[in-house]
Every structure is written in structure tokens, then in C-alpha cells.
Amino acid sequence: MFLPMYKPQGPFASRGNPKLFKNLIRVLCNANSSEGFVPMRDVSMTEINGPFNSIPGVSSGQSPYNRSILAFFAGGNHGYVRNKLFKYWGNKEDNDIQVHTYLQEGQNYTKLLSQSKYCLCPSGYEVASARATEAIYVGCIPVIIKDHYVLPYSDVLDWSQFSVEVPLDKIPDLKRILEGISFTKYLEMQKRLMEVQRHFMVNIPAKPFDVFHMILHSVWLRRLNVRFLSS
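Because the structure is a prediction, the values reported are computed rather than measured. (Residues numbered from 1 in each chain as written. Predicted model: local features only at pLDDT ≥ 70, side-chain atom pairs only at ≥ 80, totals over all residues. Heavy atoms only, no water.)

## Considering the state of the cysteines
This model, assessed by the stated rule, comprises one disulfide. Between the sulfur atoms of Cys 119 and its disulfide partner Cys 140 the distance amounts to 2.1 Å. Because the torsion about its S-S bond is 115°, the bridge between Cys 119 and Cys 140 counts as right-handed. Here Cys 140 lies in the loop between helix 5 (131-137) and strand 7 (141-145) and Cys 119 lies in strand 6 (residues 116-122), a separation of 21 residues in the sequence. Just as Cys 119 is buried, Cys 140 falls in that class too. Not part of a disulfide, Cys 121 finds its nearest cysteine sulfur in Cys 119, a span of 6.6 Å. (Disulfide = S-S within 2.5 Å. Helix = DSSP H or I, 4+ residues; strand = E, 2+ residues; numbered from the N terminus. Buried < 20%, exposed > 50% of the residue type's maximum accessible area, 1.4 Å probe, protein only.)

This is the structure:
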């Protein structure tokens, strides 16, 4: 038996019935290993935001040769990870690392993502957010800045090939780290990002290798682990 849980309360709510919890494969957006997420048994699922009554669009964004922003983030300053990000990079006059709480009138969030080489994906109140998926949808390399986060579908996807992980204590060095990635390496990562884009896509009806099949495949891989844990 498996149970999808989208809300951040999912990891806690599922503990209400110990017998059920012991024999359940949980599919969670909030895949926080410090809050009881068990990678051997549970499935980390991407969080996806989409327009009302529709599915999110996917594109290649700007050409990787024509992205003028080194790194971009726009969102609320909440949670200790974002607090630190804003402390060092928030609303500064740095055209390379752009970190904003609110965009100015006339600016388009998706367009700015598509003009960026790297898109910053810090934790907020919870480790999960739709930031990485939004980045992938426009061909922007996600920069994962999170504690205790189990990356989605990492059984089969090697995130190091199409994303960058930055430890919290390295946030002050963010620009140096990203500028230290050669353009050749960036192009390789961006190419791989476009290759895995289909695994994060929502299709109605579902299509082979899309996000629905990624979730089911992750559940299938864990079916024997649950039997082992429950014995």
C-alpha cells in the first residue's frame, strides 16, 4: 500500500496509526530525513505548481549561450535557510546574483528564470518547494540549498549531473562557487537537464517516463523494503 501526501503535515499525520505507518510506502513532497522520512521505504516526490485548471508548461527557455543572469531567486524570506540567503545576497545591487522578495512591476518571474543560468532553490518553512521543478521547466540549473532533503527520484536520477548542491555554510561563497563552474561544464549540465526534463512533466493522460511514472517506479522499487521492514 502507498499513500501520496502533498502537504507538509503529511510526515506527522501518517504516524497516527503505528501499524499503518509501519507497512506504508509514503509518497512525500516534504522529504525531510530529520522529520522521519525514510529513504529506504518512502518516496520523495517533486512539488509542482501549475496554473489554475491546467497543467504547467515546459520549455527550453533562453539558449544557454544567451542567459545574462548568473543566479536568480524571488520569494518570501521565511525559514532559516532563506534568512541566511537574504542576509548575504538579498536585494543587493549585484546583477549576477539576484535575490528578491518581490519583483518590480512589469517583471515576469518565469521570464527571469529562463534568462538565468542557475536558479536558487532554498528551503522555506519546509525543505520542499516547487522551485527546482520551476527551474527544470525552463532549462535553468537548480541550485539546491537545503538541509536533510532527499532529492526526488534519486534512485535513478543522478542530480549531480544537472544540478548544484550548496551547503548552508557556503551561502556567502555562492557567487564564487557558481563562477568556478566552467562554461563547458555548465553546458554539459544544461544538456543533461534538458534530457531529464520529461521526468518532471505532468501529462494528462500520463505518458511514459513522465512524473507519474517516476513516482510509480519509485514505489515499485521499495515494495520489497516494506516487506523487510514489517517482518
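## A look at the nonpolar core
The biggest cluster of nonpolar side chains holds 52 residues, and the ones touching the most others in it are Tyr 118, Val 143, Val 164, Leu 174 and Leu 178. Apart from the residues within four sequence positions on either side, Tyr 118 is in contact with Leu 70, Ala 71, Phe 72, Cys 140, Ile 141, Val 143, Val 164, Leu 178, Ile 181 and Tyr 186. Counting nine residues, the second-largest nonpolar core is a separate cluster that includes Phe 72, Ala 74, Leu 113 and Ala 135. (Core = buried A, V, L, I, M, F, W, Y, C linked by side-chain atoms within 4.5 Å. Contact = heavy atoms within 4.5 Å.)

## A few points about the side chain of Gln 190
As for its placement among the helices and strands, Gln 190 is situated in helix 7 (residues 183-196). Judged by its relative accessible area of 6%, Gln 190 is buried. Excluding residues that lie within four positions of it along the chain, Gln 190 makes contacts with Ser 60, Pro 64, Arg 67, Gly 139 and Ile 141.

## Here's the deal with the pairing of strand 7
Strand 7 sits mainly inside the fold: five of its five residues count as buried. Of the two faces of strand 7, the one carrying Ile 141, Val 143 and Ile 145 and the one carrying Pro 142 and Ile 144 are both buried. Relative to strand 7, strand 6 is paired through five bridges, and the arrangement is parallel. The residue bridging Cys 119 from the neighbouring strand is Pro 142, located in strand 7. (Pairing = 2+ DSSP bridges.)

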